[in-house]
Amino acid sequence: MFILLKVAAAICIFSAVSASAAHEHSAHIHGHAELTIAIEKNNVDLNLIAPAESLLGFEYKVTTPEEALKVSAMKKHLSEHKNVIHFDSGECQIKHVNINSSDMLNDDHHEHPHAEISINYQFHCPKANEISSATLKLFKHYNKLKKIYAMWLTSSQQGSIVLDDKNTKINFQ
Ligand SMILES: [Zn+2]
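Residues numbered from 1 in each chain as written. Predicted model: local features only at pLDDT ≥ 70, side-chain atom pairs only at ≥ 80, totals over all residues. Heavy atoms only, no water.

**Examining the packing of aromatic side chains**
Next, step 1: Per the counting criterion, the structure on display carries four aromatic pairs.
Next, step 2: Here the aromatic rings of Phe 87 and Phe 123 are separated by 5.3 Å at their centres, their planes lie at 80 degrees, and the arrangement is edge-to-face. Taken as a pair, Phe 87 in strand S3 (residues 85-87) and Phe 123 in strand S5 (residues 116-124) lie far apart in primary sequence, 36 residues in all. Summarising the burial analysis for this pair, Phe 87 and Phe 123 share the class buried.
Next, step 3: By way of ring pairs, the aromatic residues Phe 87, Tyr 121 and Phe 123 are connected into one cluster. (Phe/Tyr/Trp six-rings, centres within 6.5 Å; stacked < 30°, edge-to-face > 60°. Helix = DSSP H or I, 4+ residues; strand = E, 2+ residues; numbered from the N terminus. Buried < 20%, exposed > 50% of the residue type's maximum accessible area, 1.4 Å probe, protein only.)

**As for the nonpolar core**
Next, step 1: Formed by 41 residues in total, the largest nonpolar core has its most connected members in Ile 37, Leu 78 and Ile 148.
Next, step 2: Ignoring sequence-local partners within four residues, the contact set of Ile 148 consists of Ala 33, Leu 35, Leu 48, Leu 136, Leu 138, Phe 139, Ile 161, Val 162 and Leu 163. (Core = buried A, V, L, I, M, F, W, Y, C linked by side-chain atoms within 4.5 Å. Contact = heavy atoms within 4.5 Å.)

**Remarks on the sheet that holds strand S4 (residues 93-100)**
Next, step 1: If you walk across this open sheet you meet the six strands as S4-S5-S2-S1-S7-S8, and the pairing is mixed. Edge positions in the open sheet fall to S4 and strand S8 (158-163), since each of these has one partner strand only. Taking the axes of each pair of neighbouring strands and ignoring which way they run, one obtains an average angle of 10 degrees across the sheet.
Next, step 2: Here six bridges tie strand S7 (residues 147-153) to S8, and the two strands are oriented antiparallel to one another. In the strand pairing of S8, Trp 152 is matched with Gly 159.
Next, step 3: Strands S4 and S5 of the sheet are contacted by helix H3 (residues 65-79), whose axis makes an angle of about 25 degrees with S5. (Pairing = 2+ DSSP bridges. Axes fitted to C-alpha atoms, helices over the stretch in contact; angles between N-to-C directions.)

**Points about the coordination of the zinc ion**
Next, step 1: Around the zinc ion, the protein contributes the donor atoms His 28 (NE2), His 30 (NE2), Glu 59 (OE), Glu 59 (OE) and His 114 (ND1), which lie 2.0 to 2.7 Å from the metal centre.
Next, step 2: Every donor residue of the zinc ion comes from the same chain, spaced as H-x1-H-x28-E-x54-H. Of the two residues, His 28 is situated in the loop between helix H1 (2-24) and strand S1 (32-40) and His 114 in the loop between S4 and S5; the sequence distance between them amounts to 86 residues. (Donors = N, O, S within 2.8 Å, 3.2 Å for Na, K, Ca; no water.)

**What to know about the sheet that holds strand S9 (residues 169-171)**
Next, step 1: One open sheet accounts for three strands, arranged S3-S6-S9; its pairing is antiparallel. For this open sheet the edge positions go to S3 and S9, each flanked by a neighbour on one side alone. Here the average twist between neighbouring strands, direction ignored, is 20 degrees.
Next, step 2: Sheet analysis places strand S6 (residues 133-136) next to S9, joined by three bridges and oriented antiparallel. Across the sheet, Thr 135 pairs through a bridge with Lys 169, a residue of S9.

In C-alpha cells form, the structure reads like this:
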C-alpha cells in the first residue's frame, strides 16, 4: 500500500512538472516535440507528441494518395521503436505500440488549426533498474524536428532535458 501511494504521488508530481514545462514553451511550436518517459518497476512508458509539420512536412487534412502514403510511411517508421529510441541496457522488449495520426484525417482544423502525431510505447524491461541512459534517434530522419523537451521519472528520481541533433542522450540520474 505504501509503495502504491508513493508511486501515485510521484506520478502526480511528474504530471505537474510536465504541465508546467509544456506551458512554458507553449503547447504547439513547429520543430518542438514533447517526450515523457516513466520507468516504474520493470515497465517503461514512453509518450512523444510532435507537430505533424515536424514529422510529415504538412499539417492539413490528408486528401491525396501521395499524402496518405507519406502518413503511412511515417507510421511504419515510427512503429519501429529502434528508429525512435535506444536504451543503453535493461533488456527492454516492446509490449505495446500506438502511433496516433488521427489529426491528419480530421476536418476540424477550423477549431484546431494544428495537427499532432503522438507515439506511445510500453516496454517490459526485466533489468529496468540497470537503465542509465537512452538515446533519441529521430533528429537525423526528421530534419524539421529541432528540439525535444524530455521529462523522465524513475522510482527514485526525475529530471528534464532539452534534446537536439547534437545532444540526443538522456541520463536517468
Ligand atoms: Zn502546427
